[in-house]
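In case you want the letters, here they are:
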Amino acid sequence: MSVSQSSNAYIYLDTNRVISPISPLLFSGFAEHMGRSIYEGIYDPASPHADERGLRKDVLAALRELNFRAMRYPGGNFLSGYRWLDGVGPRDQRPRRRDLAWQSVETNQFGTNEFIEFCKAVHTEPMLGVNLGTGTVQDAANLVEYCNAPAGTQYADLRASHGYHEPHGVKYWCLGNEMDGSWQIGHLEAAEYAAKAREAAKMMRWHDPSIKLVLCGSSSLWMATYPEWDRVVLEWCWDQVDYHSLHYYAGNPEGDTASFLASSAGFEAYLDTLAGVLRYVKAKHRSKHDVYLSWDEWNVWYKANKPADMQGGWAEAPHLIEEVYNLEDALVVAQWMNVFLRKSDVLKIACLAQIVNVIAPILTTRDALLKQSTYYPFVLFSKLAAGVALDVAVKAPLYPTAKFGDMPLLDVSASYDEAANAGAVFIVNRSQTDSVPVELRWQDRAPQRIAAAHQVAGADPKAANSFENPNRVVAVKVTAPAISEGRASLTLPPLSFTALEVVM
Ligand code: AHR
């Protein structure tokens with residue numbers, strides 16, 4: 001990134017300047033048994049929109065549009081107290097339990113098999129977690145047998161008796177959740193977790209050597225144990241795992257929108273540190289094996305995080321952390337996804353936390369559905385970013401921020417899909433006041449045209465959608481700029497995200 005002396009900006013693109021293939025799993029989601037995410041969100045037999053399985057048809061349609069490639073489940077903090085056997089078999093025999101994580105009543109009417117059905121319905125790949133809080137390594141191995149082994153032994157036969165003779169073939173597995181956190185049910189020190197995760201991984205792989213395993217990394221960069229936790233657990237488990245997780249929730253509690261809109265600098269620093277830890281451990285082990293990063297919980301979350309927002313009062317499906325998203329949140333989500341492309345060499349999985357009602361792009365009432373502001377940038381990336389990520393050079397004017405110093409007004413990423421002869425450019429204008437004229441220059445070749453330009457923008461960073469006014473912050477089509485001799489010019493309004501569809 002370099003500074004532009006004028007108020008104009010320049011974006012330089014070259015299809016030979018490749019960062020990495022883009023992993024489709026960067027566009028994944030996370031659904032937890034928490035609040036109204038599963039019950040009243042995904043599964044609501046009492047809704048007029050429910051299908052014969054109790055799944056909300058309007059929710060399924062919106063989730064299909066979001067095009068999640070994998071779905072992490074069943075938690076979250078919930079995972080660390082979950083007994084998976086509670087959630088399989090005849091529904092009328094499933095126990096009602098107290099969920100200690102969210103102080104709610106879990107009815108277990110939705111469990112592993114219902115989740116697999118849900119994944120099929122939204123065309124996504126399941127990514128299951130095993131409980132390494134109260135659960136044992138044997139419980140973890142049993143769940144892999146239940147899901148992935150052919151019928152003929154105890155847990156695989158149990159699955160068959162529940163109506164699923166063929167294995168589910170679940171490929172992605174998380175070894176616990178946020179085990180570094182003192183709030184976690186069954187929290188462990190790094191060396192204790194590493195030893196348990198390693199044994200669980202071995203047993204799970206013995207059942208099915210084709211599975212891919214995700215180790216618990218730091219649950220935030222604010223943890224006192226970060227990044228030492230990551231070094232310790234990776235050193236123990238390096239050869240047994242394929243991905244290492246990180247979690248983070250961004251926020252603007254101070255009302256410092258200038259800094260909030262520069263959040264991508266913090267996201268990149270977090271990934272750079274963990275990429276360094278991965279390189280260190282790989283070198284220490286003299287290993288040829290690679291471990292990649294899985295940002296398997298990310299989102300904006302700071303408004304609905306008071307104790308009352310997180311404790312369910314022992315109710316079923318209480319209203320928990322139903323964050324309302326505004327324009328500035330959507331612009332941070334867009335930057336986060338820009339970072340995913342820019343760091344696609346090391347980051348291979350990213351799960352938006354979460355998908356319905358609980359810190360989610362979709363809110364539901366029993367008979368209605370609302371798309372929040374963050375829905376729109378996610379859809380545009382998920383639909384348009386494909387092929388390889390390009391190493392874009394950007395010249396843009398700077399603006400001051402309290403948290404990150406001087407930052408460029410534009411945050412940019414781009415992709416190029418040779419097979420589809422298509423490209424995409426994603427641009428956030430962080431200015432709260434100024435339009436930024438920008439020229440795009442393709443350096444190695446001149447694309448044919450820009451087929452479409454989509455924009456999420458507005459004058460008020462706090463503008464949000466509501467059931468009464470659902471279209472305040474949406475993506476609209478704007479005039480696509482013409483390309484002449486490999487150059488295109490457009491003016492980006494303040495507080496905007498623009499996605500360009502390019503025909504190469
Ligand atoms: O997504 C909400 C919660 O945030 C998850 O349960 C936990 O893993 C994280 O702290």
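No experiment lies behind these values; they were computed from the predicted model shown.

Visitor: Looking at this structure, I do not really get the overall build of the protein chain. What am I missing?
Guide: On a plain count of helices and strands, the protein chain comes out with eleven helices and 26 strands. Against the compact-globule benchmark of 23 Å for 504 residues, the protein chain has a radius of gyration of 23 Å, which places it among compact chains. Taken over the C-alpha atoms alone, the protein chain extends approximately 70 × 60 × 45 Å along its principal axes. In the protein chain, which comprises 504 residues, the proportion classed as buried is 61%. Carbon and sulfur atoms make up 51% of the accessible area of the protein chain, which totals about 18700 Å².

Visitor: Hey, could you run me through the domain arrangement of the protein chain in this one?
Guide: In many reports, interface size means the accessible area that the parts give up when they come together. As far as domains go, the protein chain holds domain 1 (9-16 + 390-503) and domain 2 (23-314 + 337-368). Between the C-alpha centres of domain 1 and domain 2 there is a distance of 31 Å. With 20 residues of domain 1 in contact, the opposing surface of domain 2 contributes 20 residues. Interface area for domain 1 against domain 2, summed over the two sides, is near 1500 Å², with a carbon-plus-sulfur share of 56%. It is K403, F404 and F467 in domain 1 that bury the most area against domain 2; as a group they hold 33% of the surface buried on that side. At the surface where domain 1 touches domain 2, the tally comes to two salt bridges.

Visitor: Looking at this structure, I do not really get the packing of helix α6 (residues 228-237) against helix α8 (residues 264-284). What am I missing?
Guide: The angle between the axes and the distance between the axes are what describe a pair of packed helices. One can describe the packing of α6 onto α8 by two numbers: an axis separation of 10 Å at closest approach and a directional angle of 35 degrees. Between α6 and α8 the crossing geometry is right-handed. In this structure, α6 contributes D230, R231, L234 and E235 to the contact, and α8 contributes L274, V277, L278, Y280, V281 and K284. The residue inventory of the contact of α6 with α8, partitioned by class, reads six nonpolar, no polar and four charged.

Visitor: Please explain the pairing of strand β17 (residues 393-396) as it appears in this structure.
Guide: Here is the key point about a regular strand: its side chains alternate between the two faces of the sheet. By the alternation rule, side chains of β17 split into V394 and A396, which are all buried, and A393 and K395, of which none is buried. Where strand β2 (residues 9-13) meets β17, three bridges bridge the pair, whose relative direction is antiparallel. Bridge assignment links I11 to a residue of β17, and that residue is V394.

Visitor: Looking at this structure, how should I read the nonpolar core?
Guide: General note: in soluble globular proteins, nonpolar side chains tend to be found buried as a group. In terms of nonpolar packing, the biggest core is built from 171 residues, with F118, W173, L175, Y193 and W295 touching the most fellow members. Here this core spans two domains, since at least three of its residues come from each of domain 1 (9-16 + 390-503) and domain 2 (23-314 + 337-368). Setting aside anything within four residues of it in sequence, one finds W173 in contact with L128, V130, L143, V144, C147, N148, M204, I211, K212, L213 and V214.

Visitor: Could you clarify how one ought to interpret the sheet that holds strand β20 (residues 410-417) in this entry?
Guide: Each strand in a sheet pairs with another by means of backbone hydrogen bonds, the pair being arranged parallel or else antiparallel. Reading across from one edge, β3-β16-β20-β21-β26-β23-β24 is the order of the seven strands in this open sheet, with antiparallel pairing throughout. Both outer strands of the open sheet, β3 (18-21) and β24 (476-478), are each paired with one neighbouring strand and no more. With strand direction ignored, the average angle separating the axes of adjacent strands in the sheet is 25 degrees. As paired strands, β20 and strand β21 (residues 422-429) are joined by eight bridges and run antiparallel to one another. Its bridge partner lying in β21, A414 is registered against V425. In this fold helix α11 (residues 375-384) packs onto β20, β21, β23 (449-457) and β26 (496-503), with an angle of close to 20 degrees to the strand it touches most, β26.

Visitor: Explain empty space enclosed by the protein to me, please; I cannot follow it from the model alone.
Guide: Regions of empty space are outlined by a rolling probe, equal in size to a water molecule, passed over the atoms. The full count for this structure, using the stated rule, is four cavities of 30 Å³ or more. Here the largest cavity defines a volume of roughly 80 Å³. The element contributing the most residues to the lining of the largest cavity is strand β7 (residues 104-106), with three residues. Of the residues assigned to the lining of the largest cavity, the class counts are six nonpolar, three polar and two charged. Estimated volume of the second largest cavity: approximately 60 Å³. Lining the second largest cavity are 15 residues; nearest its centre among them are R72, G176, C216, S245 and D296.

Visitor: Looking at this structure, how should I read the sheet that holds strand β10 (residues 212-215)?
Guide: What the eight strands build is a closed barrel, ordered β4-β5-β8-β9-β10-β11-β12-β13; its pairing is parallel. The sheet shows a mean angle of 30 degrees between the axes of neighbouring strands, taken without regard to direction. Pairing analysis gives four bridges linking strand β12 (residues 292-300) to strand β13 (residues 347-353), with the strands arranged parallel. When the bridges of β13 are listed, W298 appears paired with L352. Each of β10 and β11 (243-250) is contacted by α6, which is oriented at about 160 degrees to β11, the strand it contacts most.

Visitor: It is not clear to me how the site of the ligand should be interpreted in this structure. Could you clarify?
Guide: Every residue lining the ligand is accounted for by F30, E32, G76, N77, W102, N177, E178, Y249, E297, W301, Q354 and I359. Between the ligand and N177 there is a distance of 3.0 Å, counted from an oxygen atom to a side-chain nitrogen or oxygen. When the ligand sits alone it has 280 Å² of accessible area, and the protein chains cover 94% of it. For the ligand, the cavity whose grid points lie within 2 Å of the majority of its atoms is the largest pocket. When grouped by side-chain class, the residues that make up the shell around the ligand number five nonpolar, four polar and three charged.

Visitor: What is the right way to look at unusual backbone geometry in this model?
Guide: For residues that are not glycine, phi is negative in most cases, and the peptide bond is trans in most cases. Geometrically, the link from Y73 to P74 is a cis peptide bond, its omega value of 10 degrees lying close to zero. By secondary structure assignment, the location of P74 is in the loop between β5 (70-73) and β6 (97-99). Geometrically, the link from G75 to G76 is a cis peptide bond, its omega value of 15 degrees lying close to zero. Positionally, G76 belongs in the loop between β5 and β6. A positive phi is found at A317, a non-glycine position, where the angle reads about 45 degrees. Following the sequence through the fold, A317 ends up in the loop between α9 (307-310) and α10 (327-342).

What counts as what
Residues numbered from 1 in each chain as written. Predicted model: local features only at pLDDT ≥ 70, side-chain atom pairs only at ≥ 80, totals over all residues. Heavy atoms only, no water. Helix = DSSP H or I, 4+ residues; strand = E, 2+ residues; numbered from the N terminus. Rg over C-alpha atoms; globule rule 2.2 N^0.38 Å. Buried < 20%, exposed > 50% of the residue type's maximum accessible area, 1.4 Å probe, protein only. Areas by Shrake-Rupley, 256 points an atom, 1.4 Å probe, with all protein chains shown as cover. Domains from an automatic or database assignment. Contact = heavy atoms within 4.5 Å. Buried area = accessible area lost by both parts, 1.4 Å probe. Salt bridge = Lys/Arg side-chain N within 4 Å of Asp/Glu carboxyl O. Axes fitted to C-alpha atoms, helices over the stretch in contact; angles between N-to-C directions. Left-handed = near helix turned anticlockwise from the far one by under 90°. Nonpolar A, V, L, I, M, F, W, Y, C, P; charged D, E, K, R; others polar. Pairing = 2+ DSSP bridges. Core = buried A, V, L, I, M, F, W, Y, C linked by side-chain atoms within 4.5 Å. 1 Å grid on protein atoms, 1.4 Å probe; cavity = no way out; pocket = protein on both sides within 12 Å on 5 of 7 lines; lining within 4 Å. Points joined across faces, edges and corners; volume = space filled by probe spheres on them. Near = heavy atom within 4 Å. Polar contact = N/O pair within 3.5 Å; in protein donor to acceptor, adjacent residues only side chain to side chain. Sits in = over half its atoms within 2 Å of the grid points.

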